[in-house]
Amino acid sequence: MHITAIIPFYNGNDTLPLTLEALTGLERPADIQLDIIISTDGLDQNPDISVGKNLPITVIQDEQRGQSATTNCGARYARGDLLWLLAQDMVPQPDALTRLFARYNQFDNPLIQGFIEHNPEDLADPFVQHVLDSGLQFTYGNVSNPDQLDPGLHYAPHALVRRDAFLMLGGYDEQLPYGMQDTDLGLRWRLNGRRIVLARDSVVIHHHRYRFSAYREREEKIGAALVSMFIKWRKEAYLNRYLMTQQVFSQSLGPDIAVAQQIGEQWELTGQIPPGNGGFKGPLTVPGDALKSAFLITMSWARVEGVRVALDELGMLDHLPPLPKGFDPQKDHPTQWIREMAG
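Residues numbered from 1 in each chain as written. Predicted model: local features only at pLDDT ≥ 70, side-chain atom pairs only at ≥ 80, totals over all residues. Heavy atoms only, no water.

### Digging into helix α9 (residues 290–313)
Argument step 1. Between the first and last C-alpha of α9 there are 34 Å, a value that for 24 residues agrees with the 34 Å anticipated at 1.5 Å per step.
Argument step 2. Phi turns positive, to about 70°, at Gly315, one or two residues after α9. (Helix = DSSP H or I, 4+ residues; strand = E, 2+ residues; numbered from the N terminus. Expected span 1.5 Å × (residues − 1).)

### A look at the packing of aromatic side chains
Argument step 1. Summed over the entire model, instances satisfying the criterion amount to 14 aromatic pairs.
Argument step 2. For the ring pair Phe101 and Tyr104, a centre distance of 6.3 Å and an interplane angle of 10° mean the geometry is stacked. One end of the pair is Phe101 and the other is Tyr104, both in helix α3 (residues 96–104) and three residues apart, which spans about a single turn.
Argument step 3. Look at Phe101 and you get buried, because its relative accessible area is 11%.
Argument step 4. An angle of 85° between the planes, with centres 5.3 Å apart, marks the rings of Phe138 and Tyr155 as edge-to-face. Taken together, the residues Phe138 in the loop between α4 (126–134) and β7 (159–162) and Tyr155 in the loop between α4 and β7 connect sequence positions 17 residues apart. When sorted by exposure, Phe138 lands in the same class as Tyr155, which is buried. (Phe/Tyr/Trp six-rings, centres within 6.5 Å; stacked < 30°, edge-to-face > 60°. Buried < 20%, exposed > 50% of the residue type's maximum accessible area, 1.4 Å probe, protein only.)

### A word on the side chain of Arg218
Argument step 1. Examined against the element boundaries, Arg218 turns out to sit in helix α7 (residues 212–232).
Argument step 2. According to the relative accessible area criterion, Arg218 is buried, its value standing at 16%.
Argument step 3. Not counting residues within four places of it along the chain, the set of residues in contact with Arg218 comprises Leu136, Gln137, Tyr178 and Arg303. (Contact = heavy atoms within 4.5 Å.)

### Details of the pattern of salt bridges
Argument step 1. For the structure shown, the criterion picks out 17 salt bridges.
Argument step 2. Between Asp201 and Arg99 there is a salt bridge whose closest N-O contact spans 2.9 Å. Taken together, the residues span a long stretch of sequence, with Asp201 in strand β8 (residues 196–206) and Arg99 in helix α3 at a distance of 102 residues.
Argument step 3. Since its relative accessible area comes to 42%, Asp201 is described here as partly exposed.
Argument step 4. A salt bridge links Glu265 to Arg216, with the shortest nitrogen-to-oxygen separation between them at 2.9 Å. One end of the pair, Glu265, is in helix α8 (residues 239–270); the other, Arg216, is in helix α7, with 49 residues separating them in the sequence. (Salt bridge = Lys/Arg side-chain N within 4 Å of Asp/Glu carboxyl O.)

### Regarding helix α6 (residues 181–191)
Argument step 1. In terms of residue burial, α6 counts as a mostly covered element, since 10 of its 11 residues are buried.
Argument step 2. For α6, the full list of buried residues reads Gln181, Asp182, Thr183, Asp184, Leu185, Gly186, Leu187, Arg188, Trp189 and Arg190.

### Some thoughts on the sheet that holds β7
Sheet strands associate in pairs through backbone hydrogen bonding, adopting either a parallel or an antiparallel arrangement.
Argument step 1. The strand order across the open sheet built from eight strands is β3-β2-β1-β4-β7-β6-β8-β5, with neighbouring strands paired in mixed fashion. Looking at the sheet topology across the chains shown, the edges are occupied by β3 (57–60) and β5 (90–92). The average angle at which neighbouring strand axes cross in this sheet is 30°, direction not considered.
Argument step 2. Judged from the two bridges that link them, strand β6 (residues 111–118) and β7 form a sheet pairing that is antiparallel. In the strand pairing of β7, Ile112 is matched with Leu160. (Pairing = 2+ DSSP bridges. Axes fitted to C-alpha atoms, helices over the stretch in contact; angles between N-to-C directions.)

### Describing the side chain of Asp173
Argument step 1. Considering the arrangement of structural elements, one finds Asp173 in the loop between α5 (163–168) and α6.
Argument step 2. By relative accessible area, which is 16% here, Asp173 ends up buried.
Argument step 3. Separated by 2.8 Å, the side chains of Asp173 and Lys232 make a polar contact. (Polar contact = N/O pair within 3.5 Å; in protein donor to acceptor, adjacent residues only side chain to side chain.)

### Re the nonpolar core
Argument step 1. Grouped together as the largest cluster of nonpolar side chains are 105 residues, with contacts concentrated most on Ile3, Leu23, Trp84, Phe127, Leu160 and Met229.
Argument step 2. At 11 residues, the largest contribution of residues to this core is made by α9.
Argument step 3. The residues contacting Met229, other than those within four sequence positions of it, are Leu176, Met180, Thr183, Asp184, Leu187, Trp337 and Ile338. (Core = buried A, V, L, I, M, F, W, Y, C linked by side-chain atoms within 4.5 Å.)

What follows is the structure, encoded as structure tokens:
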């Protein structure tokens, strides 16, 4: 069996050598042939492949078009029967591919989702703990059936899929350049009658330094990506739920939002944690923990504000259809339609 690992690359030379070093020492059965494609998203920086000099690496350079297009480009050039979708900051454990492939062989043409763990050295960082506790990323705790994952639990950085099946579905939607592109593929995959399966024992380590300000920008981009995803699937009505939250936040958290951003930025610059409650007064504050309050308020606000800004730019802010009948804004989640469509 021939497997091609696809690594989309964008200014990632701080972590790419770690990934290539891990691939050099990778365990794999004798009947598996592995090659690697590094597909660049723009020409700002050439990937440093010196650590992988003993690996069969092909570098494909392209203009900057986003992560989805970059991954698709690598898939089109791939020679493998299977694609191992990776990332420049994902460091596989030695048996990651062996276990991923073993899980693949248990089913008929599945999409296998591997397990992503945070770098243990970063776990002492309060913000990393916030990301873990709040479920902002890699929410494997939501897995109820590892043999049939929800589309939202497909994460692009560590998955195994047949190349022809991936390309037949059009790969990742290039109109979703970053954010929701993997959920969108997962939904199309499920609607095509195929399984998404978790390989819990196939582990990669996410070597990504989480910075407060950068993650806030990420959450704003996710908000915009939600708008694109909902419009694509004609589920714009559910975006009202985000606008309702944004309005509540504006009314009840206005002063706290500004304070939260200041505290988060000051902590990022100095590492100083403010004492007491930080002056917060709104309903999202955590008693006696100003830093946790700052993280919670800022990230919650960033996503819903990202939705509002994207709708405003499209001229749709005041032109959404009403929430569907039966949808309870107090109990139901605005992405529930994805799970319902997937059955």
